[in-house]
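# Descriptive structure summary
So you can see what is in the structure, the chains are spelled out below.
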Amino acid sequence: MASATFSLSTEAKLTSPNLRNVKTQLRNAAPTRAFVRTHSNFQSTFRLNPKCASRQQNKTRTMSRSPPALHAVIAPQVLAAAKDPKETTVLVVGATGYIGKFVTKELVARGYNVVAVAREKSGVGGKKSPGDVERECEGARVVLGNVQDKDSTEAAFAAAGGKVDVVVSCMASRTGGIKDSWDIDYLATKNVLDVAKAAGVSQFVLLSAICAQKPLLTFQKAKLQFEEYLKASGMTYSIVRPTAFFKSLGGQVTSVQGGGPYVMFGDGQLAACKPISERDLASYMADCIEDPTLQNQMLPIGGPGEAMTALQQGQMLFKLLEKEEKFIKVPIEIMTGAIKVFDVLASVFGGLTDAAEFAKIGKYYAAESMLVLDTETNEYRADLTPSYGNDTLEGFFKKCIEEGMDGQELGDAAVFGQK
């Protein structure tokens, strides 16, 4: 059943970079010159003020989405958005992670006072020193702390140098292991929220994952439990559930470029996704601070273009490399068998519990689409998955082919031997 949505018939110009007068902004962009259509897509085009869009200066960004309903609810405790960015302090946890570092840069570029919380040894394998983090988070105030420890978290907030207005969490378990998932995706993030609430923080933007909509894995259950905790906290929140990241789809570029095959499960058409770049996702998360319609919402989000299967991704890569297609098709039943074996072994040898979980993660990503799940039909639907940004997977592949994979290391998330 198609949903009734609004389609703006004119550009809604955000004349103030900080939405100083929210009511005026909403009135100016209200549907007085809009019309209602019944269709599957919601599309609005607007021009961002250059002061609040470092990367899209004087460019037009299009976002298409198909939410069940159009909300414009502004919680009374909002509004960091009503303040000038220079007067707004945003504390970022997970600031040294793959997405976190881009979110930090985006917030700095928009003029916020950014506090980046990092461990003394951070990054993949703990290889980044405090000096490395300082250079990577240029423009932000770097505070060392361990968010798994409440006292350390409180000290990090105190070291922010004043009241924190907004917290942005980009934390995620690095391995997806059972203990790591509960420790990071739930307990550590809950720790940050509890300290933030006690410190008078009014807004919390969470980086979650679209797969939490169908929680079969431990990390998904941990994320979902924290999402519920956040929604019940009384704080203004935005729960961002992105689809696949470009990095997670780029693990085979180097091997295919060197003449190797493209490895996929089944016929490569078991699942599809609408991948989003780290830059576009970072921009969207920053928008959550400024845009009241993105607050107190669950926000699935993907990149531009059509949903793509693993087969289509491989075909695109071979075409860009001008190589003959060469695929290895791994039967999904192999994963099913491995899970059964690991489950039996884990019941005897506790140390293999995570190995069984990793096998389940592999099967999940092979068989489940990273698209919005229609709860009525239990089917994944690309047309219900919002699109945002400008970066394309094809452009990402081209860049990796030309410049290499530096900065795109998969670390503990690597599969098929890729790093």
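Treat the numbers as computed from the prediction; the structure is a model and nothing was measured.

### Some remarks on helix α12 (residues 353-367)
The end-to-end C-alpha separation of α12 is 22 Å, in line with the 21 Å expected for 15 residues at 1.5 Å each. Along α12, the residues classified as buried are Ala356, Glu357, Ala359, Ile361, Tyr364 and Ala366. Elements in contact with the buried residues of α12: α5 (178-198), α6 (218-231), β11 (262-265), α11 (332-348) and β17 (379-381).

### What about helix α9 (residues 278-290)?
With 13 residues, α9 extends 19 Å between its outermost C-alpha atoms, agreeing within 8% with the 18 Å of an ideal straight helix rising 1.5 Å per residue. α9 sits mainly inside the fold: twelve of its 13 residues count as buried. Turning to α9, its buried residues number three or more, namely Glu278, Asp280, Leu281, Ala282, Ser283, Tyr284, Met285, Ala286, Asp287, Cys288, Ile289 and Glu290.

### Some details on the packing of aromatic side chains
For the structure shown, the criterion picks out eleven aromatic pairs. Taking the centre distance of 6.0 Å and the plane angle of 80 degrees together, the rings of tryptophan 182 and tyrosine 186 count as edge-to-face. Pair noted here: tryptophan 182 and tyrosine 186 are both in helix α5, with a separation of four residues, about one helical turn. Take tryptophan 182: its relative accessible area is 28%, and that puts it in the partly exposed class.

### As for the packing of helix α10 (residues 310-321) against helix α13 (residues 393-403)
Packed helices, taken two at a time, are described by their axes: the angle between them and the distance between them. Direction vectors running N to C along α10 and α13 enclose 45 degrees, while the axes themselves pass 10 Å from each other. Classified by the interaxial angle, the pair formed by α10 and α13 is oblique. The element α10 and its partner α13 pack so that their crossing is right-handed. Contacts between α10 and α13 involve Gln313, Met316, Leu317, Leu320 and Leu321 on the former and, on the latter, Leu393, Glu394, Phe397, Lys398 and Ile401. Here the residues of the contact of α10 with α13 are counted per class, giving seven nonpolar, one polar and two charged.

### Observations concerning a nonpolar patch on the surface
Side chains of Val341, Leu345, Val348 and Phe349 sit close together on the surface and give an oily, nonpolar patch of about 370 Å² of accessible area. Its place among the elements puts valine 348 in helix α11. Residue class for valine 348 comes out exposed when judged on its relative accessible area of 59%.

### Let's talk about the pattern of salt bridges
Throughout the structure, instances matching the rule amount to 14 salt bridges. For the salt bridge of lysine 223 with aspartate 185, the shortest nitrogen-to-oxygen distance reads 3.1 Å. Here lysine 223, found in helix α6, pairs with aspartate 185, found in helix α5; they are 38 residues apart in sequence, far enough to count as distant. According to the relative accessible area criterion, lysine 223 is buried, its value standing at 9%. One salt bridge connects arginine 381 with aspartate 374, and the closest N-O pair in it is separated by 2.8 Å. Here the residues in one salt-bridge network are Glu106, Arg110, Asp287 and Glu290, joined through shared partners.

Criteria and thresholds
- Residues numbered from 1 in each chain as written.
- Predicted model: local features only at pLDDT ≥ 70, side-chain atom pairs only at ≥ 80, totals over all residues.
- Heavy atoms only, no water.
- Helix = DSSP H or I, 4+ residues; strand = E, 2+ residues; numbered from the N terminus.
- Expected span 1.5 Å × (residues − 1).
- Buried < 20%, exposed > 50% of the residue type's maximum accessible area, 1.4 Å probe, protein only.
- Contact = heavy atoms within 4.5 Å.
- Phe/Tyr/Trp six-rings, centres within 6.5 Å; stacked < 30°, edge-to-face > 60°.
- Axes fitted to C-alpha atoms, helices over the stretch in contact; angles between N-to-C directions.
- Parallel < 35°, antiparallel > 145°, perpendicular 65-115°, else oblique.
- Left-handed = near helix turned anticlockwise from the far one by under 90°.
- Nonpolar A, V, L, I, M, F, W, Y, C, P; charged D, E, K, R; others polar.
- Patch = residues over 30% accessible without salt bridge, like charges linked within 9 Å, V, L, I, M, F, W, Y side chains within 5 Å.
- Areas by Shrake-Rupley, 256 points an atom, 1.4 Å probe, with all protein chains shown as cover.
- Salt bridge = Lys/Arg side-chain N within 4 Å of Asp/Glu carboxyl O.

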